[in-house]
Structure formats: structure tokens, C-alpha cells
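Structural overview
Here's the letter readout for the chains.
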Amino acid sequence: MKTIFAPHPGVQTEVLQVDDDVKFVAMCGGRGSGKTMVGIAWLLRASATPGMTGLVVRRNHKDLADWIETAKKMMPHANVTGKPAVFTFKNGSKIYTGHLSEKDSYTMYQGWNISHLLVEELTQIPDLESFLKLCSSVRTTQEGLKSQVFTTFNPGGVGHSWVKSFFRINDKKSGVAWKDDISNQYRIYFIANIADNPTLME
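Residues numbered from 1 in each chain as written. Predicted model: local features only at pLDDT ≥ 70, side-chain atom pairs only at ≥ 80, totals over all residues. Heavy atoms only, no water.

Structural notes on the overall build of the protein
Quick note on the threshold: The helix and strand labels rest on DSSP assignments: H or I over at least four residues marks a helix, E over at least two residues marks a strand, and numbering proceeds from the N terminus. Our radius of gyration is a C-alpha quantity, and the globule rule it is checked against amounts to 2.2 Å times the number of residues to the power 0.38. Under the scheme applied here, a residue whose accessible area is under 20% of the maximum for its type counts as buried, over 50% as exposed, and between as partly exposed, the area being computed with a 1.4 Å probe on protein chains only. Contact between two residues is taken to exist if any of their heavy atoms lie within 4.5 Å; hydrogens are not considered.
Counting its secondary structure elements, the protein contains six helices and nine strands. Here the C-alpha atoms of the protein give a radius of gyration of 16 Å, agreeing with the 17 Å that 2.2 N^0.38 yields for 202 residues. Seen through its C-alpha atoms, the protein measures out along the principal axes to roughly 45 × 45 × 35 Å. Sorting the 202 residues of the protein into buried and exposed places 46% on the buried side. Within the protein, contacts between residues at least 6 apart in sequence are counted, and of these 69% link residues at least 24 apart.

Some remarks on the sheet that holds strand β2 (residues 53–58)
Let me state the cut-off plainly: Criterion used throughout: strands pair if DSSP finds at least two bridges between them. For helices, the axis comes from a line fit to the C-alpha atoms of the stretch in contact; other axes are also lines fit to C-alpha atoms, and the angle between any two N-to-C directions lies between 0 and 180 degrees.
As summarised here, the arrangement of the nine strands in space is β3-β4-β5-β2-β6-β7-β1-β9-β8, forming an open sheet in which the pairing is mixed. Edge strands, defined here as strands with exactly one partner in the open sheet, are β3 (79–81) and β8 (178–179). Inspection of the sheet shows β8 paired to strand β9 (residues 186–192) by two bridges, in the antiparallel sense. Bridging from a neighbouring strand, tryptophan 178 pairs with arginine 187 of β9. Lying over the sheet, helix α3 (residues 65–74) contacts β2, β3, β4 (86–88), β5 (94–99) and β6 (116–119), oriented at roughly 10° with respect to β4.

Re the pairing of β6
Side chains His116 and Leu118 project from β6 onto one buried face, and the interleaved Leu117 and Val119 project onto a second face that is buried too. With four bridges connecting them, β2 and β6 associate as parallel partners. The partner of valine 57 across the bridge, within β6, is valine 119. As paired elements, β6 and strand β7 (residues 148–153) share four bridges and run parallel to each other. Residue pairing in the sheet places valine 119 in a bridge with threonine 151 of β7.

Section: the packing of helix α2 (residues 35–46) against α3
As a reminder, the rule being used: Should an angle fall under 35 degrees it is called roughly parallel, over 145 degrees roughly antiparallel, and 65 to 115 degrees roughly perpendicular, with every other angle called oblique. For any pair of crossing helices, the crossing counts as left-handed if the nearer helix is rotated counterclockwise from the farther one by less than a right angle, and right-handed if it is rotated clockwise.
Between α2 and α3, whose axes approach to 10 Å, the crossing angle comes to 50°. In this view, α2 runs oblique relative to α3, as classed from their interaxial angle. Helix-helix and strand crossings are classified by hand; for α2 and α3 the assignment is right-handed. Touching Thr36, Met37, Ile40, Ala41, Leu43 and Leu44 of α2 are Trp67, Thr70, Ala71 and Met74, all from α3.

Focus on helix α4 (residues 128–135)
To be explicit about the condition: What the arc describes is the spread of directions from the helix axis to the C-beta atoms. Whenever a nitrogen or oxygen atom comes within 3.5 Å of another N or O atom, the pair is scored as a polar contact, on the condition that within protein one atom can donate a hydrogen and the other can accept it, and that pairs from neighbouring residues in sequence are kept only if both atoms are in side chains.
Taken together, the buried positions of α4 are occupied by Ser130, Phe131, Leu134 and Cys135. Buried positions in α4, seen along its axis, are confined to an arc of 140° and lie on one side of it. Capping of α4 at its N-terminal end is provided by aspartate 127; its side-chain oxygen lies 3.4 Å from the backbone amide nitrogen of glutamate 129.

Some remarks on α3
Each α-helix turn comprises 3.6 residues. Residues three or four places apart therefore point the same way. Burial in α3 covers these residues: Trp67, Ile68, Ala71 and Met74. Axial view of α3: buried residues confined to an arc of 125°, hence all on one face. Exposed and facing more than 90 degrees away from the buried side of α3 are Asp66 and Lys73. In this fold, the buried residues of α3 make contact with α2, β2, β4, β5 and β6.

Section: the environment of valine 80
By secondary structure assignment, the location of valine 80 is in strand β3. Accessibility expressed as a relative area gives 28% for valine 80, which makes it partly exposed. The sequence separation of valine 80 and lysine 94 amounts to 14 residues, and the corresponding C-alpha distance is 9.8 Å. Residues within four places of valine 80 in sequence aside, it is in contact with Lys72, Ala85, Val86 and Phe87.

Digging into the side chain of threonine 151
Inspection of the secondary structure assignment puts threonine 151 in strand β7. Residues contacting threonine 151, with those up to four places away along its chain left out, are Val25, Ala26, Met27, Val119, Leu122, Phe131 and Phe167.

What to know about the nonpolar core
Soluble globular proteins tend to pack their nonpolar side chains together in the buried interior. Applied cut-off: For our purposes a nonpolar core is just a set of buried Ala, Val, Leu, Ile, Met, Phe, Trp, Tyr and Cys residues, chained together by side-chain atoms within 4.5 Å.
Counting residues in hydrophobic clusters, the biggest one holds 33 residues, and the most contacted among them are Val15, Val25, Leu43, Trp67, Met75, Phe87 and Phe150. Broken down by secondary-structure element, the contributors of at least two residues to this core are α1 (11–16), β1 (22–29), α2, α3 and β9. Discounting chain neighbours no more than four positions away, the residues touching methionine 75 are Ile40, Leu43, Leu44, Phe87, Phe89 and Ile95. Formed by 25 residues, the second largest nonpolar core is a distinct cluster that contains Leu55, Tyr109, Ile114 and Phe131.

What follows is the structure in C-alpha cells.
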């Protein structure tokens, strides 16, 4: 079988090796660092569990166009239907795509049981409260599956300050998980750059 994506040694591999007990995972870096493909690979791996429900969102759904085309290439065995697109797998797993462009977008997923949430460009979300509303639907009772949130972002953006604070980027080391005293949940962030993506460099 042809290998569609293999993470490079270093940050890409380390991100995909994070234990599923870590609730929030972030990959921060500029264009070309491989964030998009790593996020898709993370969802693809989770989809191997029958009946898994995933969701990928970005502030504006039209900005997911490139993500969807890349995901189609990395998930050729998935059936893609609808607008917004839904990736359906033979084992019953589904990955939905969505947006956060409207005032009530953060609450329209309430009642869902999302085991894996991918937020592209997290710093486009204006405040922590909106992010936590979205995360309130990240849960699962499915045996052998733990819920997790994966985020990607570039430095800057309207939510730059709260994202830095949430992952404690100023005082916690990249690639080392730490436990939040209030939620008792683990968080981790990784900083990547174009050098972490030798394929593009070549």
C-alpha cells in the first residue's frame, strides 16, 4: 500500500506521539511547517476507531477549501459529501467540517458528541470563552477512545494573547505536557517552522 503521509522526524513525529490523556494539543508555526498535514493525520488515525466523530473548524468555512482538498488526497478511502463537507468511512467514523463565522456558531455544536476536534488557526477565535463553548461538545463514552482537541495557529491574530496564556507559551517548554490546576486536564504545545518540513525545503 502506498504511504500517503509519513511525518518527518522531529516536531511532526512528536506531535503525533502525544498521549491521548493530553486533552489540548497545539502546533504553532508559520506557513510551510506542516501543521495542516499533521492535523489531518491526527484525525485520520482517530478515524480507525469505528464510529468515531471528528470535527474540523475554522473561522470561515471557505478558508477550509485547501484543507478539504488536502484531506481528500490523504483520505482517498473516505466518501466525501455535502456542503459543509463530511468525510464518511466504511467503519462508520465521520469527520465533519464547519465554521465559526456567525455569532451563534460556537454553540451550534452543543449536544454533539465530538471525540476529536481540530481547530485550524486558533488565534482567529477572538476569546477564550468562545473556544470553551466549542470544546464543551468534545466528549465520548465510546470504549477505547479518549476525546482530544488539536489546534494549529500562526503567531498573531485577534486571539493571540489568550491562546498564549491558555497554553502558557511564555513559561512552559515546547513539547512538554503540563497539568492545569483548575481543570485537571493536560495541555501541550509545539513550535514548528519550515525547517521541520524537509519535503517543502527540498
